Every structure is written in C-alpha cells, then in structure tokens.
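For reference, the chains in residue letters:
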Amino acid sequence: MTTILVAGCSDRAVNNLPVGPAAYQAIADQDGRTSLNEVLQAGDRLSIRVIGEPELTSDQYYVDANGFVQVPLAGEVAAAGKSPRQLREDIVARLSSRYIRNPDVSVIVIETTRNTYSVEGDVREPGVFEVGPDTTLLTAMARAKSPTNVAKLDEIMIFRTVNGQHMGARFDIKQIRAGNAPDPRVLAGDMVVVGHSNAKGIWRDILTAAPLLNVFILLNSNVFN
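The written sequence of each chain sets the order in which its residues are numbered from 1. Totals for whole chains, interfaces and linings use every residue, but because this is a predicted model, local features are given only for residues with pLDDT of at least 70 and side-chain atom pairs only at 80 or more, for both listing and counting. The side-chain values count all of the structure's non-hydrogen atoms but skip hydrogen atoms and water molecules.

**Here's the deal with the packing of aromatic side chains**
How two aromatic rings sit relative to each other is set out by the distance from centre to centre and by the angle between their planes.
Right, so step 1: The pairing test for Phe, Tyr and Trp rings, Trp by its six-membered ring, is centres within 6.5 Å, and the orientation test on the planes gives stacked under 30 degrees, edge-to-face over 60, and tilted for anything in between. For the coordinates displayed, the defined rule picks out 2 aromatic pairs.
Right, so step 2: For the ring pair Tyr24 and Phe171, a centre distance of 5.0 Å and an interplane angle of 70° mean the geometry is edge-to-face. With Tyr24 in helix H2 (residues 21-26) and Phe171 in strand S9 (residues 165-171), this pair connects stretches of sequence that are 147 residues apart.
Right, so step 3: Judged by centre distance (5.7 Å) and plane angle (35°), the rings of Tyr117 and Phe129 are tilted. The numbering of helices and of strands both runs from the N terminus, where a helix is a DSSP run of H or I of at least 4 residues and a strand a run of E of at least 2.

Here it is as structure tokens:
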C-alpha cells in the first residue's frame, strides 16, 4: 500500500523554466552595470521632462503594475528593470523616430516603492523582506530560515520583471552552496518560490504517522486475539 501511495503521488508537473546558464540570462543577472538603487520598479513615480514640449512634461508619470510607463506620443514604454538613463534613451528613440527632432528628455525618480522581495513556498518562514545591494538567493534563503526538509532544492525559482516582461528562472541551491554555480542576485520586486517535493512530503507524512499506525495495528491484533 505504501508503494502505491508514493507512486501515485509522485511529481507529475513539469517545470519548463530555464536552468543553468540560461537561467541567469533569463533574469538578466549577469549585467552588473546597473546599480540596484537605479533600477525602476512598479509603483515608482517619475518626472519626465521634454524641453519645449509642455504637454509631454509632467511629474505624474507612474510605472504601472506590468512595468510600463505611458508617455504621450511615445506610447507604452517598458520601464521596470531599467535605469532612468535607459528609460530616457528609449523615450528619446521613440520620440525622435516619430514626431520630434533631437528631443531633449530627462527622467528623474520622484518617489519609489520600498525595495522589497518576497519568499514563498517550502521555506520555514515565508514573507516579504527588504532587499540590499548584496542580496543573493542564498541570502534570501537565510532570511526565510532556510528551505524545509521537503523542499525541492533543485527547483528554487526567481520571478522578475525585465524590460517590462515577466521572466522566471530555476536554480539548484545545492549546486550554488557547493560553489558549482553562481549565487544569483535578488532585486527589488523579485518573487522567490521554493518548490515542494511530493515524494519527500509523502514519506514525511508516513514517518510522522508511523507510531500511530503501530498503535492501530496492536489494538486491532488485540481485538481479534
């Protein structure tokens, strides 16, 4: 019966998120040129000024929940995950290609959301934590009091908005701890999710219930003797 139970509850879902070097590329982790404090994120309020174009100039531009900012004439421009300089360059390119010759654009962050990330799934203390310039995946695991004993350690996922697109990648924390893979950075707005090993979860439940099962067997044997 135990064998059937474990086999019937084995992991069936296939995780198709990129792994290995492709994982770091997916979340753009190898680009260390942009400081954490410069990265725009959903909820940021921006001042965008276009010299000589008062209808485009405002201190009330917001990065929306999907990571975009709406700029008249330029349209919907990806902002989350970029620096103000990168956003400025994109706006200049949009405006100069359509309406304005050599636009003079500035982008300044007026208000920013608190720099936090979340940890969910099979960790001992999931929650929302404040990010720092040196926060990595191992740091995030430590802040969440480490994965549980039924966590799937080769299925630690980071979800991030990169250039307005929602991206995800999967990492093997055992390889990172052993020094065989880089420890990816965790940025503001990231969501870290620790997978669950169904097989280990079933065995944990069986072992936890084992004393009760023994008592049940003994009681039944006494009834029939």
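**Here we look at the pattern of salt bridges**
Right, so step 1: Salt-bridge detection follows one rule: a side-chain nitrogen of Lys or Arg within 4 Å of a carboxyl oxygen of Asp or Glu. Counting across every chain of the model gives 6 salt bridges.
Right, so step 2: In this structure, the salt-bridge partner of Arg45 is Glu111, at a minimum N-O distance of 3.3 Å. Here Glu111 lies in strand S5 (residues 105-111) and Arg45 lies in strand S1 (residues 45-50), a separation of 66 residues in the sequence.
Right, so step 3: Note on exposure labels: buried denotes an accessible area under 20% of the residue type's maximum, exposed denotes more than 50%, and partly exposed covers the range between, all computed with a 1.4 Å probe on protein chains only. Glu111 gets classed as partly exposed once you look at its relative accessible area, which sits at 45%.
Right, so step 4: When the shortest N-O distance is used, the salt bridge between Lys82 and Asp90 registers 2.2 Å.
Right, so step 5: Taking the relative accessible area as the measure of exposure, Asp90 reaches 27% and is therefore partly exposed.

**Regarding the sheet that holds strand S2 (residues 58-62)**
Right, so step 1: The pairing criterion is simple: DSSP has to find at least two bridges between the two strands. Strand order in the open sheet formed by 3 strands is S2-S1-S5, with antiparallel pairing between adjacent strands. If you trace the sheet from one side to the other, it starts and ends with S2 and S5, each paired once. When strand polarity is set aside, the average angle formed by the axes of neighbouring strands in this sheet is 35°.
Right, so step 2: Against the sheet, helix H3 (residues 84-98) touches S1 and S5, its axis set at about 140° to S5. To get an axis, fit a line to the C-alpha atoms, keeping to the stretch in contact for a helix; angles then go from 0 to 180 degrees between the N-to-C directions. Any two residues whose heavy atoms approach within 4.5 Å are treated as being in contact.

**As for the pairing of strand S4 (residues 75-78)**
Right, so step 1: Where strand S3 (residues 68-71) and S4 come together, 4 bridges link them in antiparallel fashion. By the bridge assignment, Val69 is partnered in S4 with Val77.
Right, so step 2: The hairpin formed by S3 and S4 contains 3 residues between the paired strands, and Leu73 there has a positive phi angle of roughly 75°.

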